[in-house]
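Structure at a glance
What follows is the residue order along each chain.
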Amino acid sequence: MTALTVDSASPVALAEGDRLAVDGLVLAVRVSPRRKRFALTVELDAEVTLHVPQGRPAADAADFVRAHRSWLAGKQALRERTRPLNPAKRLVEGEVFRYLGRTYRLTVDADRPDDGTVRLVAGRLVLSGAQVAEPARGRAALIAWYRRVGREWAGGRIQPWAARMGVAEPMVDVSDLGGRWGSYLPPKDAEGIGRMSLGWPLFQLPMHLVDYVIAHELAHVRVSGHGTEFWRLLGRALPEYEERRTELDELGRRMWMGDIA
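This is a predicted model, so every value here is computed, not measured.

**Some details on the overall build of the protein chain**
The helix and strand tally for the protein chain stands at 8 helices and 12 strands. Its C-alpha atoms give the protein chain principal-axis dimensions of roughly 65 × 40 × 35 Å. A buried classification covers 45% of the 261 residues belonging to the protein chain. Accessible area of the protein chain: about 13,500 Å², with a carbon and sulfur share of 51%. Between the averaged position of the 38 positive side-chain charges in the protein chain and that of its 33 negative side-chain charges there is a distance of 3 Å.

**What to know about the pattern of salt bridges**
Two side chains of opposite charge can pair, provided their charged atoms sit close to one another. Under the criterion given, the structure shown has 10 salt bridges. For the salt bridge of Asp 63 with Arg 66, the shortest nitrogen-to-oxygen distance reads 3.7 Å. Of the two residues, Asp 63 and Arg 66 are both situated in helix α1 (residues 58–67); the distance of 3 residues between them amounts to about one turn of the helix. A relative accessible area of 49% means that Asp 63 is categorised as partly exposed. With a relative accessible area of 36%, Arg 66 lands in the partly exposed category. A salt bridge links Glu 250 to Arg 254; its shortest N-O distance comes to 2.6 Å. Relative accessible area serves as the criterion here: at 41%, Arg 254 is assigned to the partly exposed category.

**What to know about the sheet that holds strand β11 (residues 182–185)**
Spatial strand order, β10-β12-β11: 3 strands in an open sheet with mixed pairing. Strands with a single pairing partner mark the edges of an open sheet, and in this sheet they are β10 (171–175) and β11. For this sheet, the mean inter-axis angle between neighbouring strands, taken without regard to orientation, is 20°. Here 4 bridges tie β11 to strand β12 (residues 195–199), and the two strands are oriented antiparallel to one another. Counterpart to Leu 185 in the pairing with β12 is Arg 195. Along the sheet, helix α6 (residues 207–222) contacts β11 and β12; its crossing angle with β11, the most-contacted strand, is approximately 20°.

**What to know about the pairing of β12**
By the criterion of burial, β12 is predominantly enclosed, with 4 of the 5 residues buried. One ladder, built from 5 bridges, connects β10 with β12; its direction is parallel. The residue bridging Asp 173 from the neighbouring strand is Ser 197, located in β12.

**Regarding the sheet that holds strand β9 (residues 124–128)**
With respect to topology, 4 strands assemble into an open sheet ordered β6-β7-β9-β8, the strand pairing being mixed. The open sheet has two free edges, formed respectively by β6 (96–99) and β8 (119–121), since each of these has just one partner strand. When the angles between neighbouring strand axes are averaged without regard to direction, this sheet yields 40°. Strand direction decides the pairing type here: β6 and strand β7 (residues 102–109), joined by 4 bridges, are antiparallel. Along β7, the bridge assignment pairs Phe 97 with Tyr 104. Against the sheet, helix α4 (residues 135–155) makes contact with β6, β8 and β9, and its axis sits at roughly 20° relative to β6, the strand it touches most.

**Notes on the packing of aromatic side chains**
Scanning the model with the defined rule gives 10 aromatic pairs in all. Relative to Trp 256, the ring of Tyr 146 lies with its centre 6.5 Å away and its plane at 50°, an arrangement referred to as tilted. Placement of Tyr 146 in helix α4 and of Trp 256 in the segment after α8 (241–252) is noted, with a sequence separation of 110 residues between them. An aromatic cluster of at least three residues, connected via ring pairs, comprises Phe 97, Tyr 99, Trp 145, Tyr 146, Trp 200 and Trp 256. Lying across the ring of Trp 231, Arg 245 places its NZ or CZ 4.6 Å from the centre.

**A few points about α8**
For an α-helix, 3.6 residues make a turn, and residues three or four places apart therefore share a direction. Helix length check: α8, at 12 residues, gives a terminal C-alpha distance of 15 Å against a target of 16 Å (1.5 Å per residue), a fit within 8%. Those residues of α8 that fall on the buried side of the exposure criterion are Tyr 241, Arg 244, Leu 248 and Gly 252. The buried residues of α8 occupy one face: seen down the axis, they fall within an arc of 60°. Residues Glu 243 and Thr 246 are exposed on α8 and point more than 90 degrees away from its buried face.

Conventions we followed
- Within each chain, residues carry numbers counting from 1 in the order of the written sequence.
- The predicted origin of the model limits local features to residues at a pLDDT of at least 70 and limits the giving and counting of side-chain atom pairs to 80 or more, whereas totals for whole chains, interfaces and linings rest on all residues.
- Remark: hydrogens and water are excluded; side-chain values derive from all non-hydrogen atoms of the structure.
- Each helix is a run of H or I in the DSSP string that is no shorter than four residues. Each strand is a run of E no shorter than two, and both are numbered from the N terminus.
- Only protein chains enter the area calculation, which uses a 1.4 Å probe; residues under 20% of their type maximum are buried, those over 50% are exposed, and those in between are partly exposed.
- Values of accessible area rely on a 1.4 Å probe in the Shrake-Rupley scheme; residue burial ignores everything except the protein chains shown.
- Positive residues here are Lys and Arg, negative ones are Asp and Glu, while His and the chain termini are left out of the count.
- Every charge is mapped to an atom, namely NZ of Lys, CZ of Arg, CG of Asp or CD of Glu.
- The term salt bridge refers to a side-chain nitrogen of Lys or Arg lying within 4 Å of a carboxyl oxygen of Asp or Glu.
- Paired strands are those between which DSSP finds at least two bridges.
- Axis definition: a line fitted to C-alpha atoms, limited for helices to the stretch in contact. Angles are taken between N-to-C directions and run from 0 to 180 degrees.
- When checking whether two residues touch, look at their non-hydrogen atoms; a contact exists if any pair is within 4.5 Å.
- Ring geometry is summarised as follows: Phe, Tyr and Trp rings, the Trp one being its six-membered ring, pair when their centres sit within 6.5 Å, and such pairs are stacked at plane angles under 30 degrees, edge-to-face over 60 and tilted between the two.
- A ring has a charge above it when a Lys NZ or an Arg CZ is no more than 6 Å from the ring centre and no more than 35 degrees off the ring normal.
- Helix span, as expected, comes to 1.5 Å for every residue beyond the first.
- Arc definition: it is the arc formed by the directions from the helix axis to the C-beta atoms.

This is the structure:
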């Protein structure tokens, strides 16, 4: 990743990791050899990512950005209004955590052997005294728990949604996506398998919103961008996708993203 800021008038082809400066706006650049058109993404923090076909010069990209400045302004304003609140959690007895929309309280078991894991016992998430004494370890253990149970739960949901949408079933992992709910990486060749990544905070949300994100990412198996064809495919499988997207924007910003108080 070059981390180079490129001027908008440059005839040089953009590279993965560049940052493009266009009339005071600086965009992160993602390059894909599979992509045929430019595209823009406004991230959760209102930063802008420019998706670029391989080999296209900065000057062409800048023209595309300028043609979509009004769209970008509206999207950035919406992101600012729905910016995540990112509530921090305390590793204390009774602190509330959520899993698939349900509430679970934290129990601190001072006598429990510290094996580095978190367990769900009788409706409570149990941490050892040692994990609470070292917040970084406790945080890591909680995130590892969300990743483990999220992967197990999602494993049973992918195939039915893929079948409903008529797309190939990708490999699935649960990881830290830096505030994104999900992503899809296409296969490197025609014989390969794509990979869907789901962010671990997603599994705090109700099941119908997790399903929305899964269906959304599965639509990218067939359509790379968010054009008319993408929403048509998603709408056939999930007619109420607009309501779920709105609910995700509102409820999702209130979820725990890993901060410890």
